[in-house]
Amino acid sequence: MSDKIPNLDYDADEVIEGFKAKFKWPSSNEVEIAVKPPKLGLKLLLSFLATVVVGAVAYYMMIPALNFKSSDFYTFIILLIAAFVGSFYLLIGAGKKVERREYFKKRSIIPIIMIAVLLVVMVVGWLVGCTFFRAKDYSNLVTVQESNFSEDFKDIKYDEVPRLDAVTSKVLADQQLGSLSEYKSQYVVSSVSTQINYQGTPVRVAYLEYADVFKWFNNTKQGLPAYMLIDLVSQKVIAVNCIEKFGAGIKYSPTELFNEKLVRHLRFQYPTALLDTPNFEINDEGYPYWITPVLDKTIGLFGGTDVKGAIITDALTGESNYYNIDTIRTDKSLNWIDVVYNQDLLVEQYNYHGKLSNGFWNSIIFQTDVNVASRGNGNIAMDDDVWVYTGVTSSESDASNFGFILCNQRTKELRYYQKGGAMESSAQESAADAVQNYGYRAIFPILLDIEGQPTYFMSLYGDSYTVKGYALVNLDDKTIVGTGLLDTEKSDVNALNAAVENYIAALKDKNKVDASADADDYKVTETDTEISVENIETKSVTGEITDIKTSVNNGNTVYYLQIDGKYYYIAVNECMDVLLLQTGDTVTVSYEKDADTFVKATNVEKQ
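Here goes a summary of the coordinates provided. (Residues numbered from 1 in each chain as written. Predicted model: local features only at pLDDT ≥ 70, side-chain atom pairs only at ≥ 80, totals over all residues. Heavy atoms only, no water.)

Turning our eyes to something else, we now look at the overall build of the protein chain. Along its length, the protein chain carries 18 helices and 28 strands. Over its C-alpha atoms the protein chain spans a radius of gyration of 34 Å, topping by over 25% the 25 Å that the globule rule assigns to 607 residues. With the principal axes as the frame, the protein chain shows a C-alpha extent of 145 × 80 × 45 Å. Put simply, the protein chain has 607 residues, and 48% of those count as buried. Here the contacts in the protein chain between residues at least 6 apart in sequence split such that 55% fall between residues at least 24 apart. A total accessible area of about 30,500 Å² is found for the protein chain, and carbon and sulfur atoms account for 53% of it. Each charge class in the protein chain can be summarised by its mean position, and for the 55 positive and 79 negative side chains these summaries are 11 Å apart. (Helix = DSSP H or I, 4+ residues; strand = E, 2+ residues; numbered from the N terminus. Rg over C-alpha atoms; globule rule 2.2 N^0.38 Å. Buried < 20%, exposed > 50% of the residue type's maximum accessible area, 1.4 Å probe, protein only. Contact = heavy atoms within 4.5 Å. Areas by Shrake-Rupley, 256 points an atom, 1.4 Å probe, with all protein chains shown as cover. Lys, Arg positive; Asp, Glu negative; His and termini not counted. Charge placed at Lys NZ, Arg CZ, Asp CG, Glu CD.)

The next subject is the sheet that holds strand β2 (residues 187-198). Taken in spatial order, the four strands make up an open sheet running β2-β3-β4-β5, and their pairing is antiparallel. Each end of this open sheet is capped by a strand with a single partner; those strands are β2 and β5 (237-241). Here the strands of the sheet are splayed against their neighbours by 25° on average, with no regard to which way each runs. One ladder, built from nine bridges, connects β2 with strand β3 (residues 201-210); its direction is antiparallel. Along β3, the bridge assignment pairs V188 with E209. (Pairing = 2+ DSSP bridges. Axes fitted to C-alpha atoms, helices over the stretch in contact; angles between N-to-C directions.)

Within the fold, N401 resides in strand β14 (residues 400-401). Given a relative accessible area of 4%, N401 falls into the buried group. Only 3.3 Å separates the side chain of N401 from the side chain of E424, close enough to count as a polar contact. Not counting residues up to four positions away in its chain, the partners in contact with N401 are S374, G391, V392, T393, G420, G421, A422, M423, E424 and Y456. (Polar contact = N/O pair within 3.5 Å; in protein donor to acceptor, adjacent residues only side chain to side chain.)

This next bit is on the nonpolar core. Ranked by internal contacts, the top residues of the largest apolar core, which has 117 residues, are Y227, M228, I250, L406 and M458. In terms of residue count, the dominant contributor to this core is helix α18 (residues 492-509) (nine residues). What M458 contacts, discounting residues up to four positions off in sequence, is A427, Q428, A431, A442, I443, P445, Y470, A471 and V473. (Core = buried A, V, L, I, M, F, W, Y, C linked by side-chain atoms within 4.5 Å.)

Think of a ball as big as a water molecule: rolled over the atoms, this probe shows where empty space is left. By the definition in use, this model includes one cavity of 30 Å³ or more. Here the largest cavity is characterised by a volume of approximately 50 Å³. Forming the boundary of the largest cavity are A166, S169, K170, A173, V189, S190, S191, V192, S193, A206 and I230. Among the secondary structure elements, those contributing two or more residues to the lining of the largest cavity are α8 (166-178) and β2. Counting residues per element, the lining of the largest cavity draws most heavily on β2, which supplies five residues. Counted by class, the lining of the largest cavity contains six nonpolar, four polar and one charged residues. (1 Å grid on protein atoms, 1.4 Å probe; cavity = no way out; pocket = protein on both sides within 12 Å on 5 of 7 lines; lining within 4 Å. Points joined across faces, edges and corners; volume = space filled by probe spheres on them. Nonpolar A, V, L, I, M, F, W, Y, C, P; charged D, E, K, R; others polar.)

Backbone geometry at I63 places phi at a positive 40°, although glycine is not the residue there. The class of I63 is buried, set by a relative accessible area of 13%. The phi dihedral of Q199 is positive, around 55°, even though this residue is not glycine. Relative to the helices and strands, Q199 resides in the loop between β2 and β3. The class for Q199 is partly exposed, based on a relative accessible area of 39%.

Read these as geometric descriptors, not functional statements.
So, in structure tokens, the structure goes:
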């Protein structure tokens, strides 16, 4: 037995805590060991597959351009990286085991760096393209040429300019559609319309939309059966039945869902193109197309938006062709296209020119020769094209214009006219004041030449948004006003004639014109001329099939039948009889437009 007495000087609690510490599981912030998860290769593969699924769904919904000049492209790539990182985190169980979370942290450095690089590229790309550094480049996006007002406007007659704007046009189209029992319960008129020149007359064309998703289910197989054609001069509306006239409905439009949705259909055809909003137009025969401008960013990565071409899409079949902007400007066969540059882009480019021609700091501090487009714009037909009209004012004054511009929506030609006077909004107020007892309002005016006087012309409308009369307001002196109302004149022509008669009388009272000015030189008479949609002439050829080829386009099998050296093609869903044809058979092929090698057929009959 030992003579030593054990040391009894201790704290029992300390002993117990020390014992516990030996067996305590460390907290997450104390762990530094990263443990490789089991079956890592399989989990990486599953993470990749999950990312593919998420990416496919996101691409289908977002339909981004796979283009470094598109901000949506960077958003899409960041989403893919996040989807891969998130799925990998879940599959390795990083949320449950701390040692796997440490492994995940170390492996997530690369995705974080990738996202950081993308963000840096976006920021740098924006900086090198911002107006602060590139003011001169922005000012040169458009070329402005001065032009002569009297010379350019001498052939424009006030009775041939648009009397309706987009809002009043839609009201008339809604009324016409509501009177057609076969359409009114299933479709509505789109709020988006395009002003074009058709048969020498300014018109607006508007496509239909399905009234709701249930109407889409009922009617999507045949597509939209018609479109609305609004004569902006006579104010008559035609519902053009595409099924009757062209053999099919409009299968591709913004109102469709899934693959027939126009922008998605175009994205699958042109995955890298920067697409602007498609415009609905018709050719000289009334056949419907979509004109989609293809944009380019010409300054830095995201700045200097301009149009480099356009995609022309057959609204019935979805067949598309891309043309560069030089071809659209010069190819006479494409002259029926009226709108490639949208109004907002043209006005934006002019504003860059007006504000930044003398540098960025001048536009902020000194503002020497700084000018911008006035609020609002209209359209006018000239030289068989559609031009955007808007006034030009100083950046600090809204009191008056010192000029105005015309911008060609097909070619981007921009003309400047140095004609100062009342702003468009002031002219609208003067016109409304002249008929204030009726409570009418005025649409955005168009500038015309009457007796050598720059003159605002505008229609007057009431609460129902239907035209109630016309007003002419002098540019130099907005107190000179002439009006003509349907309520008192009882006809559209009489109202026009009354407006010009009262206006010239007011010019004489203010000594703006001499006594020889005669309103009879401008008065118009009733005409029976009105727009119509001519039937496209159907042609045919009969002969022996010497070769048959097939292809699959957008899920549809297309047959190419060679007859007399040309291939006539038609989809199986348009003519089932082609499935039974063989080389050596004699057939009659119907078609509308001839071509050198490949001709689109509308029907094939075996003889």
